[in-house]
Amino acid sequence: MEPADKKSKKDEPKSDEEDKDEEEEETLETSPAVLDKHKAAAKIAQEVLEHVKKLCVPGADIASICSEGDKKIEESAAKVYTSKKSKVTEKGIAFPTCISVNEICGHFSPLKDESKTLADDDLVKIDLGCHIDGFIAQVAETIVVGASKDKKVKGKKADVILATRKAFDAAIRLIKEGNINNQVTKMIAKISEVYKTSPLEGVLSHRIKKHMIDGDEVIINKETPDQKVEEHKFAKFEVYVIDIILSTGEGKPKDVIPLFNHRLRCGRRYTSGRSRRRTRCSCRTRGSSSTTFPSATPPCRSLSPPSKTPPQRALECPSACTTTCCGYILCLRRRRASSWRSSRPP
């Protein structure tokens, strides 16, 4: 027998590393509740997307639309998993509302003084994400401002929209257990060629996990001699955000800061805790963003740096610009678990 004063391993307090390991083990495979959280987040994201689409009318201010979308995500997330038994304390924005117009590829979520207004016939890419307890759902859709049944979209815009829809549907069918990520890339290229469009370079579809919006396993939108990814075989219970972007141009993005002074207004939070912060302000900003946006990507307009500190030093963002590509661009995004074969994600 063990001495009475000797504590058993069960009674010993768990270390932070052990707690972290247990948290990381919460997956679709180990916990059925994870699927419910993904679905709840997806439902909210889809509802907000529909709300934002209605706001995209001629003369609408982009910054105001983005703020309204973020507000709607927070309000809707606050209404679910309210019971104390659920133990869900973190929910809300996983990716801020972005409105990217015409040649701007994506991630354009401007501050008020940098905003623009929408015009009739603009090609608008809407992108946003929600999370419940760190389990993320992202959605994106491209619309044409002013389009209706009586005023249909024609020409190159219609071609790129249809091509992306077809590529997305094909990707959904290919992402299943046993298939390879490069199969999806090749299929995107084939469909794009039929409609005389080009996949955009540098775009990745990431595997997502709890509180991780950009996992290591990826699907590349377009493979080039300089841009390749490691081959990966899809496994059961993996969850992916499918990001497909096609263009009527060459599909080669470029930096537009010297031309238009567009700046990326979505930060990235490093979950490993090893990010380099060079100023006290950036340390405080990271602390506040980690509390308010635990799942990755805070909108810069939501952060409040001290008034004496220059805004560019308040948040040290690894990317400091939006990208553009000649021609019209359309993207579709959904979260997809490879184990869900019988139906599409909501």
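Each chain carries its own residue numbering, running from 1 in the direction its sequence is written. Only residues with pLDDT of 70 or above have their local features reported here, since the model is predicted, and side-chain atom pairs are shown and tallied only from 80 upward, although totals for entire chains, interfaces and linings are computed over all residues. Processing note: side-chain calculations cover all non-hydrogen atoms of the structure and skip hydrogens and water entirely.

**Q** Got a sec to walk through the overall build of the chain? Specific residues and values, please.
**A** Put simply, DSSP H or I for four residues or longer makes a helix, DSSP E for two residues or longer makes a strand, and each gets a number counted from the N terminus. Summing up its helical and strand segments, the chain has 8 helices and 10 strands in all. Working definition: with a 1.4 Å probe on protein chains only, accessible area under 20% of the residue-type maximum means buried, over 50% means exposed, and in between means partly exposed. In the chain, which comprises 346 residues, the proportion classed as buried is 47%. By definition, residues are in contact when any of their heavy atoms lie within 4.5 Å. Across the chain, the fraction of contacts at a sequence separation of at least 24, relative to all contacts at a separation of at least 6, is 76%. Here the chain has roughly 18700 Å² of accessible surface; of this, 49% comes from carbon and sulfur atoms. Shrake-Rupley sampling with a 1.4 Å probe provides the accessible areas, and residues are treated as covered by the protein chains on show and by no other component.

**Q** Kindly report on unusual backbone geometry, identifying the contributing residues and their values.
**A** Of note in this structure, Lys-196 is not a glycine but carries a positive phi near 55°. By secondary structure assignment, the location of Lys-196 is in the loop between α5 (181–194) and β4 (198–199). For Lys-196, a relative accessible area of 75% translates into the label exposed. Located in the positive-phi region is Phe-237, a residue other than glycine, with phi close to 75°. Along the chain, Phe-237 turns up in the loop between β6 (218–220) and β7 (239–247).

**Q** Run through the pattern of salt bridges, naming residues and quoting values.
**A** Salt bridge, as used here: a side-chain nitrogen of Lys or Arg that lies within 4 Å of a carboxyl oxygen of Asp or Glu. Counted according to the given criterion, the structure contains 11 salt bridges. Of the charged contacts, one joins Lys-112 and Asp-61 as a salt bridge, the two residues approaching to 3.2 Å between their closest N and O atoms. With a gap of 51 residues between them, Lys-112 in the loop between β1 (91–101) and β2 (123–132) and Asp-61 in the loop between α2 (33–55) and α3 (62–77) connect regions that are remote in the sequence. Judged by its relative accessible area of 59%, Lys-112 falls in the exposed class. Three or more residues are tied together by salt bridges with common partners; here these are Lys-37, Asp-133 and Lys-210.

**Q** So, the state of the cysteines: which residues are in play, and what are the values?
**A** Note on terminology: pairs of cysteine sulfur atoms within 2.5 Å are recorded as disulfides. Inspection of the entire model under this criterion finds 0 disulfides. Its sulfur unpaired, Cys-56 is 8.6 Å from the next cysteine sulfur, which belongs to Cys-66. Judged by its relative accessible area of 6%, Cys-56 is buried.

**Q** Quick one: what's the story with the packing of α2 against α3, residue by residue and with numbers?
**A** Between α2 and α3, whose axes approach to 10 Å, the crossing angle comes to 150°. In terms of axis orientation, α2 runs roughly antiparallel to α3. Seen from above, α2 lies across α3 with right-handed handedness. Between α2 and α3, the contacting residues are Ile-44, Val-48, His-51, Val-52 and Leu-55 on the first element and Ile-65, Glu-68, Gly-69, Lys-72, Ile-73, Ser-76 and Ala-77 on the second. Of the residues belonging to the contact of α2 with α3, the class tally is 7 nonpolar, 3 polar and 2 charged. Each axis is a line fitted through C-alpha atoms, taken for helices only over the stretch in contact, and angles between the N-to-C directions span 0 to 180 degrees. Each angle is binned into one of four classes, with values under 35 degrees roughly parallel, values over 145 roughly antiparallel, values of 65 to 115 roughly perpendicular, and all other values oblique. Put simply, a crossing is left-handed when the front helix is turned counterclockwise from the back one by less than a right angle, and right-handed when it is turned clockwise. Here the term charged refers only to Asp, Glu, Lys and Arg, the term nonpolar to Ala, Val, Leu, Ile, Met, Phe, Trp, Tyr, Cys and Pro, and the term polar to all other amino acids, Gly among them.

**Q** Lay out the environment of Cys-98 with the relevant residues and their values.
**A** Structurally, Cys-98 can be placed in strand β1. Sequence separation of Cys-98 and Ser-109 is 11 residues, and the distance between their C-alpha atoms is 4.6 Å.

**Q** Talk me through the packing of aromatic side chains; I want residue IDs and the actual numbers.
**A** Any two rings among Phe, Tyr and Trp, with Trp reduced to its six-membered ring, count as a pair given centres within 6.5 Å; such a pair is stacked if its planes are under 30 degrees apart, edge-to-face if over 60, and tilted if neither. Going through the model one piece at a time under the given rule, you end up with 1 aromatic pair. Measuring from centroid to centroid gives 5.3 Å for Phe-234 and Tyr-240, while their planes differ by 85°, and the two rings are edge-to-face. A single burial state applies to Phe-234 and to Tyr-240, both of which are buried.

**Q** Requested: an account of the side chain of Asn-181, with residues and values cited.
**A** Mapping Asn-181 onto the fold places it in helix α5. Every residue in contact with Asn-181, bar those within four places of it in the chain, is listed here: Val-218, Ile-219, Val-229, Glu-230, Glu-231, His-232 and Phe-234.

**Q** Go over the pairing of β7 with me, naming the residues and quoting the values.
**A** The two faces of the sheet receive side chains in turn, since in a regular strand these alternate between them. Burial of β7 is extensive: 9 of the 9 residues sit out of reach of the surface. With burial as the criterion, each face of β7 is covered, one bearing Val-239, Val-241, Asp-243, Ile-245 and Ser-247 and the other bearing Tyr-240, Ile-242, Ile-244 and Leu-246. In this structure, β4 lies alongside β7, joined through 2 bridges in antiparallel fashion. Across the sheet, Ser-198 pairs through a bridge with Ser-247, a residue of β7. Pairing between two strands requires that DSSP report at least two bridges joining them.

**Q** Break down the nonpolar core for me, citing the residues and quoting the values.
**A** Across soluble globular proteins, you tend to see nonpolar side chains buried next to one another. Here, the term nonpolar core denotes a set of buried Ala, Val, Leu, Ile, Met, Phe, Trp, Tyr and Cys residues that are joined through side-chain atoms within 4.5 Å. Counting 31 residues, the largest nonpolar core has Val-52, Cys-56, Ile-99, Leu-118, Val-124, Ile-126 and Leu-128 as the members making the most contacts within it. Mapped onto this core, the elements with two or more residues apiece are α2, α3, β1, β2 and β3 (135–144). The element best represented in this core is α2, accounting for 8 residues. With residues up to four places along the chain from it excluded, the contact list for Val-124 reads Cys-56, Ile-99, Ser-100, Val-101, Leu-118, Glu-141, Thr-142, Ile-143 and Val-145. One finds Val-160, Leu-174, Ile-244 and Leu-246 within the second-largest nonpolar core, a separate group that totals 18 residues.

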